[in-house]
Every structure is written in structure tokens, then in C-alpha cells.
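Here is what each chain is made of, one letter per residue.
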Amino acid sequence: MLDVSKIRSQFPILSRKVNGQNLVYFDNGATTQKPQIVIDAESKYYANQNSNVHRGVHFLSGLATDKFEESRNTIQNFIGAKHKHEIIFTKGTTDSINLVASGFKTFLNKGDEIIISEQEHHSNIVPWQICCEQSGSNLKVIPILDNGEMDMDFFYNLLSENTKLVAVSHISNALGTINNVEKIIEKSHSVGAKVLIDGAQAASHISLNMQKLDADFYCFSAHKMFGPTGVGILYGKEDILNALPPYQSGGEMIKEVSFSGTTYADLPHKFEAGTPNISGVVAFKSAIDFISNLEVNKIAKYEEELLQYATSELLKIEGVRIYGTSKKKSAIISFNLEGLHPYDIGMIVDKMGIAIRTGHHCAQPIMERFNIPGTVRISLAVYNTKEEIDLCINAIKKAKIMLS
Amino acid sequence: MHTIKEIQKEIIEDFAMFEDWIQKYEYLIDLGKELAPIDQKYKISENLIKGCQSRVWLHAEYAEGKIIYTADSDAIMTKGIVAILINVLSGQNPSEIATAKLDFINEIGLKEQLSPTRANGLVSMIKQMKLYAIAFSKQQ
Ligand SMILES: Cc1ncc(COP(=O)(O)O)c(C=O)c1O
């Protein structure tokens, strides 16, 4: 059992007031709050360890480099990657996907196909649209079913020898569906396609093992897992990362530069041009330590309990419709109240200190699929409680009364 | 007909009576519900002001030296604020509208609803109302 009040006490922001009320933070899908150890790690870095990495021979540069690389080790272990150099530091999931899309287009020819799903975040749609446009290949889309799951039969039919890449989310940020990525990877590999998984909503909620999962690329963001903003991970299999051309160029990513030709650095530095977000990377390690101490499986179990409770309480309100009703779901609930606009609900519950998201959640195709302007989204994290769910439900009821 | 300044003053006085946000929001919701409907033929994409979250439709007509605005929104709170803006600006002459200072927004505590980050289409709506006014003032 997790000691949730002890967990809560590690997050200073959770004790602040919003509009005179205790904050109920249910927008964890957008970004999570940060525990004291992450905040401390960042300030300790600047107070005590700051220097540029991989450059100087002086003491501090060595220390900063050690800390930076220690983070890479921690992440390698956290996601069960085979090699440390398969972990590339980026700015976030969006950056990771763009890195792959930009390089992957050089592998593509006219008539090749990339498959994504209707469920994707815009970050996992637009880079592929551009990639296809620039390479003359075609983008295919797996539709979703009424319950928010991908139409797997449709997917199997889409797969062919023309399929070069399949890019799908592990968990939908707008619906909460946990996708059967194991099956998607297996089937894609059987036609020789590579697979990129957008794990922005999964890391820290599902335990990960890259060697078992066998994805070719896996992307996630530190800020959605108690870490700092501006840090993300691209995991890629060694051979593919070696084949992929560099994304950005400049310092750090080179072996030798001359005007007759430049050679690139080895992995992972080939993809880490320029001075990285060192303090963020260092503090990310503390976030991973925080998660590992709690254990991902225990986090998932507790979040499942919250999800069940919130779902059943919400469904007691007349006129509620939940979007995303798959059996395998993460603690994300997207819903609408009949006849009411999500924006109005969000405005009113905000006044009661409840932070929930309203809108299209950067997944407009899903909203189009369900023919709605947007939804209200509750996304829970390990520091949330049933009492907070009660407060939120009451606030929603109050909004409903005010609006009808 | 009251001037833009006078109407703003009345609105500020109305809002000063509210004791808490609930009364204020309930008032906005009521205003939203009471807003005279826009003619369906004007609820078209050309008149749509896109916010990220709520949408606003705005139509303007010019007759006898005055602009009459009609509008709608899919969110009722947004519609309430739309109603106030129409209340202030509709029926005035173009040059008054074009140069109007909408100080009341700050005073009644709706500034946050009208900040560009709210993405509810209201900032663009005010801009569009003024653009109509500038265009019509050239016809004067
Ligand atoms: C599924 C999914 N993919 C990608 C992203 C983009 O992540 P970031 O903004 O950290 O790059 C998000 C964030 O909302 C997400 O939920």
C-alpha cells in the first residue's frame, strides 16, 4: 500500500490555495507537479555542480558530465534498454518524434507508407504529415472504435510491404486507452516496418522494458513524470539510430570538422547537438528515483483504484457521457455533460480550486470522430485522493446546476 | 440612447453588487441565455471567430449611422460576455465604437476571461467589432 499522504507532503505545490480553495490538481496528463527532491536537484545543480558537459578537463565539467551521464544510466535501467547510448536526451516527446521524422524521411521513397492512428496527439500526427509530404510517401490512419480502442482489424489490413513505419501512442492522452502496442509491434515487424511508440502518457504509469517490448523508437517527456520541463527521451535501437542521419548539427555532435568534410560523433552524442538542458536532465534522475522508490506497479494499482472510483462517481451524475471506455485504461477520464459546453464546466470548477482540462487536448481528429467541440478531462496521478475526487464531483454537480 | 461610457458605468455598478464569483457567473449565464439570437443565416463559417475552446459568431449591420451587432457562442459563459460587449457597443456609431476604451472589463473582474491566453475567442471578437466599425466609418 502506498502512503499517499506522505507522497503528497513531498509536493509543495499541493498545499497551495487556488481562488481561496485547496488546490485539486487533476491535469496531470498535461504535466505533473514536482516533488521536493526534483526541485532540490535542480537548484543543487546550479548551486554546486554547474558547468558545461563533455568539454572541459576541469573538475566541475567532469562533475556535471558525471551527473548528466548518471541520469542516462538511470533512464536506461528504468526502461530496460540494452545500451546506454540508445538513450537520447531531447526537449520532450514532440522533439523526439520530430527527430525521428526528420531523419526517417531520408529512408522513404514515393509510394511508401506510414501508419498512425486517429487517436494521436498532434505531436504524433503533424511530423508524419510533413515527413510524407517531403518524401512523397502516404500517411494511413487507423480509425478508432466507439470505445476508444484502435480498430485492429483495420490496422492488419493496412499493413503491407509498403508500410515502412507505424507510429502510435501507448496511451491516448484524450481517451486514456491503453493500446495493445505489443501486438502492433509484432504485426508491424512481420511486414518489415519499424515502430515508434509515443509513450508520453505511459512512462511512470506502466512499467517499461524496451528489450521485451521490442519497439524501434520510444518517446516520452520528463515533465509528465514528476520531472522538469524541457527534457525528453528518445529511445531508439542502436542499429537504427546509427543509420538515422543527424537532426540538428553544431557542437557536441561531431567527431571532426573540416571544410573538406565533417564526421559525426558516435551515439548518443550524434543526436545531442549544442549545450543540453543539463540541470533538467540531472533533476530528471531524481524524478525517476522518486518513481522507482514507489514502484511503477504500485503506482499503477493505486491509479486504477482512483480511476474506478472517479468513473463510477461521475457516472452517477445524470447526462454524463464518458469518451474512452476501453477495458484497459489509464487514469484519464474524458467526458461531457449533455447539453453543456466543456469550457463552461472548466470555468466554474476552476473557481472551486479544481484544475481540470477542457478542450480538444491537442487531438482534434478524436473530437471530430465523436463530433464534439471538446471534452472535460480529469487525469489523475499518484498523489491524488478519493477525497479530491469527491470535491471534483461536487464541483461538477454545482457547475451543472448553475449551467442548466 | 446612452453613450458607450455611460453604459460601461452602469455595468460596473451592476457588477459591484455581486458578493462572490457565483453571483457574477450566474449573472453572466443569465445574460448568455437572454442574448437575442443571431439570424441562423449569419451563423456561418465566414462569421466564425475561432477560439481554441469556445467559438463565437459575429454579424454586423450598418443602418442610419449605427452598427447593430448580433452574435452567438457555443459556450454559455462566453455568450454572457458576448452579450455584455454587444450591450456596450451595439447601436453606437462607427467612429465611437472604433475609438471606444473598454475600461469596464478590468473593473468588473473579467480581464482574465478576455486575455488572449483564454483562447475563448473574445479578444478576437472585440478586434472584429472594431474592424467592422472602422470599415463602416469609411462609409459615413
Ligand atoms: C500522447 C502525447 N503525445 C505527445 C505529447 C507532447 O508532449 P510534449 O509537449 O512534452 O512534447 C503529449 C503531451 O500532451 C501527449 O499526451
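Some words on the domain arrangement of chain A
Residue and element names in this part refer to chain A.
Thinking step 1. What the domain assignment lists for chain A is domain 1 (4-30 + 295-403) and domain 2 (39-292).
Thinking step 2. Summarising the inter-unit geometry, the C-alpha centres of domain 1 and domain 2 are found 28 Å apart.
Thinking step 3. Contacts between domain 1 and domain 2 engage 36 residues on the former and 32 residues on the latter.
Thinking step 4. When residues of domain 1 are sorted by the area they lose upon contact with domain 2, Val296, Ile366 and Arg369 head the list and together hold 20% of the total.
Thinking step 5. When the shortest N-O distance is used, the salt bridge between aspartate 146 and arginine 369 registers 2.8 Å.
Thinking step 6. Viewed at the interface, domain 2 and domain 1 are joined by 20 residue pairs in polar contact (both at pLDDT 80 or more).
Thinking step 7. Secondary structure elements with two or more residues in the side of domain 1 that touches domain 2: α11 (296-315), β14 (332-337) and α13 (364-370).
Thinking step 8. With 6 residues, α13 is the largest single contributor of residues to the side of domain 1 that touches domain 2.

Quick word on the packing of helix α14 (residues 386-403) of chain A against helix α2 (residues 21-34) of chain B
Thinking step 1. Across the interface, α14 of chain A lies against α2 of chain B with an axial gap of 10 Å and an inter-helix angle of 45°. In this view, α14 of chain A runs oblique relative to α2 of chain B, as classed from their interaxial angle. Touching Lys398, Met402 and Leu403 of chain A of α14 of chain A are Trp21, Ile22, Tyr25, Glu26, Ile29 and Lys33 of chain B, all from α2 of chain B.
Thinking step 2. Looking at the contact of α14 of chain A with α2 of chain B residue by residue, the class counts come to 6 nonpolar, no polar and 3 charged.

Let's talk about the interface of chain B and chain A
How big an interface is tends to be stated in terms of accessible area lost as the parts join.
Thinking step 1. With 18 residues of chain B at the interface, the matching set in chain A holds 16 residues.
Thinking step 2. Looking only at chain B, the three residues that lose the most surface to chain A are Trp21, Tyr25 and Gln53 of chain B, adding up to 37% of its buried area.
Thinking step 3. Counting across the interface, chain B meets chain A through 0 salt bridges.
Thinking step 4. Linking chain B to chain A there are 3 residue pairs in polar contact (both at pLDDT 80 or more).
Thinking step 5. Of all the secondary-structure elements, those providing two or more residues to the side of chain B that touches chain A are α2 and α3 (76-89) of chain B.
Thinking step 6. Looking at which element gives the most residues to the side of chain B that touches chain A, the answer is α2 of chain B, with 6 residues.

What about the sheet that holds strand β16 (residues 357-359) of chain A?
All names here are of chain A.
Thinking step 1. Here we have 4 strands laid out as an open sheet, ordered β13-β14-β17-β16, and antiparallel in their pairing. Of all the strands in the sheet, just β13 (320-323) and β16 have a single pairing partner and so form its edges. Between one strand axis and the next, the sheet turns through 30° on average, direction left out of account.
Thinking step 2. Alignment of β13 against β14, held across 4 bridges, turns out to be antiparallel. If you follow isoleucine 322 over to β14, its bridge partner there is phenylalanine 335.
Thinking step 3. On top of the sheet, α11 reaches β13 and β14; it is set at about 5° to β14, its chief contact.

As for empty space enclosed by the protein
Residues and elements named next belong to chain A.
Thinking step 1. With the rule as written, the count across this model stands at 3 cavities of 30 Å³ or more.
Thinking step 2. If you add up the space inside the largest cavity, you get close to 60 Å³.
Thinking step 3. As for the largest cavity, its lining consists of Asn28, Gly29, Gln201, His205, Glu303, Ser330, Ala331, Ile332, Ser379 and Leu380.
Thinking step 4. Looking at the lining of the largest cavity residue by residue, the class counts come to 3 nonpolar, 6 polar and 1 charged.

Some words on the pattern of salt bridges
Residues and elements named next belong to chain A.
Thinking step 1. Tallying each qualifying case throughout the model produces 20 salt bridges over all chains.
Thinking step 2. A salt bridge links lysine 237 to aspartate 216; its shortest N-O distance comes to 3.2 Å. Of this pair, lysine 237 sits in the loop between β10 (232-236) and α9 (238-243) while aspartate 216 sits in the loop between α8 (210-213) and β9 (217-221); the two residues are 21 residues apart in sequence, bridging distant segments of the chain. There is no split in this pair, since lysine 237 and aspartate 216 are both buried.
Thinking step 3. Across the pair glutamate 313 and lysine 316 runs a salt bridge, and its minimum N-O distance is 2.7 Å.
Thinking step 4. Residue glutamate 313 is classed as buried on the basis of its relative accessible area of 17%.
Thinking step 5. Several salt bridges share partner residues, and in doing so they unite Glu69, Arg72, Lys84 and Glu272 into one network.

Cut-off values and rules
Residues numbered from 1 in each chain as written. Chains lettered and ligands numbered in written order. Predicted model: local features only at pLDDT ≥ 70, side-chain atom pairs only at ≥ 80, totals over all residues. Heavy atoms only, no water. Domains from an automatic or database assignment. Contact = heavy atoms within 4.5 Å. Buried area = accessible area lost by both parts, 1.4 Å probe. Salt bridge = Lys/Arg side-chain N within 4 Å of Asp/Glu carboxyl O. Polar contact = N/O pair within 3.5 Å; in protein donor to acceptor, adjacent residues only side chain to side chain. Helix = DSSP H or I, 4+ residues; strand = E, 2+ residues; numbered from the N terminus. Axes fitted to C-alpha atoms, helices over the stretch in contact; angles between N-to-C directions. Parallel < 35°, antiparallel > 145°, perpendicular 65-115°, else oblique. Nonpolar A, V, L, I, M, F, W, Y, C, P; charged D, E, K, R; others polar. Pairing = 2+ DSSP bridges. 1 Å grid on protein atoms, 1.4 Å probe; cavity = no way out; pocket = protein on both sides within 12 Å on 5 of 7 lines; lining within 4 Å. Points joined across faces, edges and corners; volume = space filled by probe spheres on them. Buried < 20%, exposed > 50% of the residue type's maximum accessible area, 1.4 Å probe, protein only.

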